[in-house]
Amino acid sequence: MLSEHQKRMVALFEQHVGAELEGDLDTTMATMGETPHLNHVPTMAGGVGKDGVRAFYRDHLVGKFFPPDVEMVSISRTVGEDQVVDEFFISFTHTTTIDWLLPGVAPTGKPVEMAVAVIVGFKDGKISHEHIYWDQAGV
């Protein structure tokens, strides 16, 4: 059973992901702490600090990445005292440029399926970092 603290972390992360999917940059950033960092490990894309993370979200992800047919299916979630680890399966049609995921690849119109693991850290009631992993060769 999750503690109240753990439930708050999960709720904040779900708010964060929901805002990303809705294209709401301000709400996405409101879930983040004062000195966050974001790292898409296979391609080393992301940002450091509030300005760096905001710029990455604004220019590459929030309101830009999620094609109309994107589906995200939860596989597992592990909740610790200061982090959440989510494993999920994402699928979509490659209809737009996604430079942080497929650098230098023009839209192909082909289906993309990938398993993703996200480690989300929390500090002082906000998200401190996201480390996002996937098998780049499988994409």
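Caption draft 1: Examining the sheet that holds strand β5 (residues 111-123) more closely. Read from one edge of the open sheet, six strands run β2-β1-β6-β5-β4-β3, paired in mixed fashion. The open sheet has two edge strands, β2 (45-48) and β3 (71-79), and neither has a second partner. With direction set aside, neighbouring strand axes in the sheet form an average angle of 20 degrees. Across eight bridges, the pairing between β5 and strand β6 (residues 126-134) is antiparallel. Within the sheet, the bridge partner assigned to F122 lies in β6 and is I127. Lying over the sheet, helix α1 (residues 4-22) contacts β1 (32-40), β3, β4 (83-93), β5 and β6, oriented at roughly 160 degrees with respect to β3. Helix-sheet contacts for helix α3 (residues 49-61) involve β1, β2 and β6, and the interaxial angle to β1 is about 50 degrees.

Caption draft 2: Representation of the pattern of salt bridges within the structure. Evaluation of the coordinates by the stated rule reveals six salt bridges. For E34, the salt bridge identified is with K50, shortest N-O distance 3.5 Å. You can see E34 sitting in strand β1 and its partner K50 sitting in helix α3, a full 16 residues away along the chain. On the basis of relative accessibility, which here comes to 27%, the residue K50 falls in the partly exposed class. A salt bridge links R58 to D59; the shortest N-O distance between them is 2.8 Å. When its relative accessible area of 42% is taken as the criterion, R58 is described as partly exposed. Through salt bridges with shared partners, a single network forms among E14, R77 and D86.

Caption draft 3: Highlighting the pairing of β3. Relative to β4, β3 runs antiparallel, the two sharing eight bridges. Of the residues in β4, the one forming a bridge with S76 is E87. Count of turn residues in the β3/β4 antiparallel hairpin: three residues.

Caption draft 4: The packing of aromatic side chains, seen in detail. Tallying each qualifying case throughout the model produces two aromatic pairs. Between W100 and W134, the ring centres sit 5.8 Å apart and the planes meet at 75 degrees, which makes this aromatic pair edge-to-face. Of this pair, W100 sits in the loop between β4 and β5 while W134 is found in strand β6, placing the two residues 34 residues apart along the sequence.

About the thresholds
- Residues numbered from 1 in each chain as written.
- Predicted model: local features only at pLDDT ≥ 70, side-chain atom pairs only at ≥ 80, totals over all residues.
- Heavy atoms only, no water.
- Pairing = 2+ DSSP bridges.
- Helix = DSSP H or I, 4+ residues; strand = E, 2+ residues; numbered from the N terminus.
- Axes fitted to C-alpha atoms, helices over the stretch in contact; angles between N-to-C directions.
- Contact = heavy atoms within 4.5 Å.
- Salt bridge = Lys/Arg side-chain N within 4 Å of Asp/Glu carboxyl O.
- Buried < 20%, exposed > 50% of the residue type's maximum accessible area, 1.4 Å probe, protein only.
- Phe/Tyr/Trp six-rings, centres within 6.5 Å; stacked < 30°, edge-to-face > 60°.

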